[in-house]
Every structure is written in structure tokens, then in C-alpha cells.
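Listed here are the chains, written in short residue letters.
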Amino acid sequence: MSLLTLAIDVGGSSIKAIVLKDDGTAISDRSLIHTPHPATPDVIVATLIDLIWTQGEFDRLSIGFPSVVENGITRGAINLHPDWDGFPLAEVLSQKLGKPFRIANDADVQGCGAIAGHGVELVITLGTGFGSSLFLNGKLLPNLEIGQHIWRDRHTYEDLLGQAALDQVGVEMWNNRLSEAITTLYKLFNFDKIYLGGGNSRLVNLSLPPHLLTKVAIVSNDLGLIGGLYLWKS
């Protein structure tokens, strides 16, 4: 009997939810609400609970969250609110939900849905921030935060490639930066494939040498939901 998974993708600008069968078939419409701001823990938890109980029947939950998640505790979440640093999200939700659930970094979840499972695979999510996940032969190396690493002139990847940077410099310059970033990341990780997801992946127009361009794949942002199924396969 197939279990029904309520998959939730929490982002800096929106929160999405859908109910999925084990094979990834959706049995509900995708719900989308704007992320409330200020996005403090109390506000987001209340929003999640309200959203969850409007989704109909399900057996379990998967939640992709925009921060490092260690043993159910969030660390970072710089695109939400400083109060998320060290917040016991799993403990708080367990007191409010009568269903089993699992939580992971949102880019890790999207990567689980994107990869082929062969070699070194790097996943980048381009949205409010700059998310990342890394896999070796299908095994996740969790909580990789490339976006917070200093890249150029004391600026991080997120400083130069997040939504605020895109709004400031425009699509052409943003793509030039992204092409340079991919080249740099290839030198660092020697990946077999890099997957570009997130809401801004629709704007990608890269200028890369042919040997590197063949290693790039643009993937659906819906994998941030579908990838939630993989949290239950380990």
C-alpha cells in the first residue's frame, strides 16, 4: 500500500506544498503561499501548521527548510530571520503534529530529486538565496553551504547571485557571474554534473566552454517537493 507524503518546500519568498504517492504522482494540487515577514519561528511555525491542515489526507510529511538542519535544529536561515539560528524545529513540530515527519535543508531535498546517482553531482538552487547540495554516487553530503563561502572581493556566492544581486545588476550581468561561478566550482569539485534549480533557473543563459556546458542541467523547481519522498528512503 502506497503511503501518502505531504511534501513542503519552505523558501524565502514562498512556501509550497503537495501530497504525493510513493512514485511521485501528485494527488493534490500544489499549494503556494507567500512567506510571511518578519519570518520569525513563531510566525513560520503557525503558518506551516495552518497550511498542513488544509492539505487533506496524508500519512507523513517531508519538509525542505532554507537552513542547515542538524538533528532537527535549524542553523542559519539568513533569508528568514536571525531567531532561526539554533531553533529546535523538529521538537516544536512534534508537539503540534500527530504525523511522522522528516526535515532537511531545502537544497539537499531538491538535490535528492534531481540527481542520477552517478559520480560527483552538485546541485545549485537559485532563488532568494544561493543553495547547494553535493552527492557522491547518490550519497548526500548534507548541509553544504557554498552560498555563504567568500567568492570575490569579500562577497559570498549568495551576495553576488541571490535575488537581491539579480535585481541590482540585471539578468545579463547575473548570468555572467553565474558562468564564472560554475567555472570556479568545477575547478573546486570536478563534478560530473551540475544541476541548476530554484525559481531563477528559468533565467539562466550561460556562456561556458562546450566541455563544461555539457555538464550543466537545468531542473524543475518542483523537485524541491518531489525530492521530499527521498527523505523516507533512508
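Residues numbered from 1 in each chain as written. Predicted model: local features only at pLDDT ≥ 70, side-chain atom pairs only at ≥ 80, totals over all residues. Heavy atoms only, no water.

Asker: I keep staring at the overall build of the protein and nothing clicks. Help me out?
Answerer: In terms of helices and strands, the protein carries 8 helices and 14 strands. A compact globule built from 234 residues should have a C-alpha radius of gyration of about 17 Å, and the protein, at 17 Å, falls within 12% of that. Projected onto the principal axes, the alpha-carbon positions of the protein cover approximately 50 × 40 × 30 Å. The buried share of the protein, reckoned over its 234 residues, is 52%. Here the analysis covers contacts within the protein between residues at least 6 apart in sequence; of these, 57% occur between residues at least 24 apart. (Helix = DSSP H or I, 4+ residues; strand = E, 2+ residues; numbered from the N terminus. Rg over C-alpha atoms; globule rule 2.2 N^0.38 Å. Buried < 20%, exposed > 50% of the residue type's maximum accessible area, 1.4 Å probe, protein only. Contact = heavy atoms within 4.5 Å.)

Asker: Can you help me understand the environment of L6 in this one?
Answerer: In this structure, L6 sits in strand 1 (residues 5-10). Taking C-alpha positions, L6 is 15 Å from T47, a pair spaced 41 residues apart along the chain. Aside from chain neighbours lying at most four places away, what touches L6 is A17, I18, V19, I52, Q55, F58, R60, L61 and S62.

Asker: When you look at the sheet that holds strand 7 (residues 101-105) in this model, what are you seeing that I'm missing?
Answerer: Sheets are built from strands paired through backbone hydrogen bonds, the pairs being either parallel or antiparallel. Within the open sheet, the 5 strands sit side by side as 3-2-1-4-7. Their pairing is mixed. With partners counted over all chains shown, the strands left at the sheet margins are strand 3 (31-34) and strand 7, one partner each. Within this sheet the neighbouring strands show an average axis-to-axis angle of 15°, counted without direction. By the bridge criterion, 5 bridges tie strand 4 (residues 60-65) to strand 7 in an arrangement that is parallel. Bridging from a neighbouring strand, L61 pairs with F101 of strand 7. The sheet contacts of helix 3 (residues 106-114) involve strand 1, strand 4 and strand 7, and relative to strand 7 the element is tilted by about 100°. (Pairing = 2+ DSSP bridges. Axes fitted to C-alpha atoms, helices over the stretch in contact; angles between N-to-C directions.)

Asker: I tried to follow helix 2 (residues 89-96) on my own but got confused; where do I start?
Answerer: The periodicity of an α-helix, 3.6 residues per turn, causes residues three or four positions apart to be oriented the same way. The set of residues buried in helix 2 consists of L89, V92 and L93. Along helix 2, the residues classed as buried sweep out an arc of 95° about the axis, all on the same side. Taken together, the buried residues of helix 2 touch helix 1 (41-52), strand 4, strand 6 (73-75) and strand 7. (Arc of directions from axis to C-beta.)

Asker: Help me understand the nonpolar core, please; the structure alone is not making it clear to me.
Answerer: Grouped together as the largest cluster of nonpolar side chains are 29 residues, with contacts concentrated most on I8, F65, W84 and L93. Every element with two or more residues in this core is listed here: strand 1, strand 2 (14-20), helix 1, strand 4, helix 2 and strand 7. In terms of residue count, the dominant contributor to this core is helix 1 (6 residues). The residues touching F65, leaving out its near neighbours within four places in the chain, are V10, T74, A77, L80, W84, L89, I103, A104, N105 and D106. By size, the runner-up hydrophobic cluster in this structure holds 25 residues, among which are L122, L161, L185 and I194. (Core = buried A, V, L, I, M, F, W, Y, C linked by side-chain atoms within 4.5 Å.)

Asker: Hey, could you run me through the packing of aromatic side chains in this one?
Answerer: Geometry of an aromatic ring pair is reported as the spacing of the ring centres plus the angle between the planes. By the definition in use, this model includes 6 aromatic pairs. Taking 4.7 Å as the distance between ring centres and 55° as the angle between the ring planes, the aromatic pair formed by F65 and W84 counts as tilted. With F65 in strand 4 and W84 in the loop between strand 6 and helix 2, this residue pair connects regions lying 19 residues apart in the sequence. By relative accessible area, F65 is classed as buried at 0%. Ring geometry for W84 against F87: centres 5.1 Å apart, planes inclined by 75°, an arrangement best described as edge-to-face. F87 matches W84 in its accessibility class, with the two residues each being buried. Ring-pair connections join several aromatic residues into one group, and the members of that group are F65, W84 and F87. Cation over ring: K99 sits above F58, and NZ or CZ is 5.1 Å from the ring centre. One cation-aromatic arrangement involves R152 over W151; the distance from NZ or CZ to the ring centre is 4.9 Å. (Phe/Tyr/Trp six-rings, centres within 6.5 Å; stacked < 30°, edge-to-face > 60°. Lys NZ or Arg CZ within 6 Å of the ring centre and 35° of its normal.)

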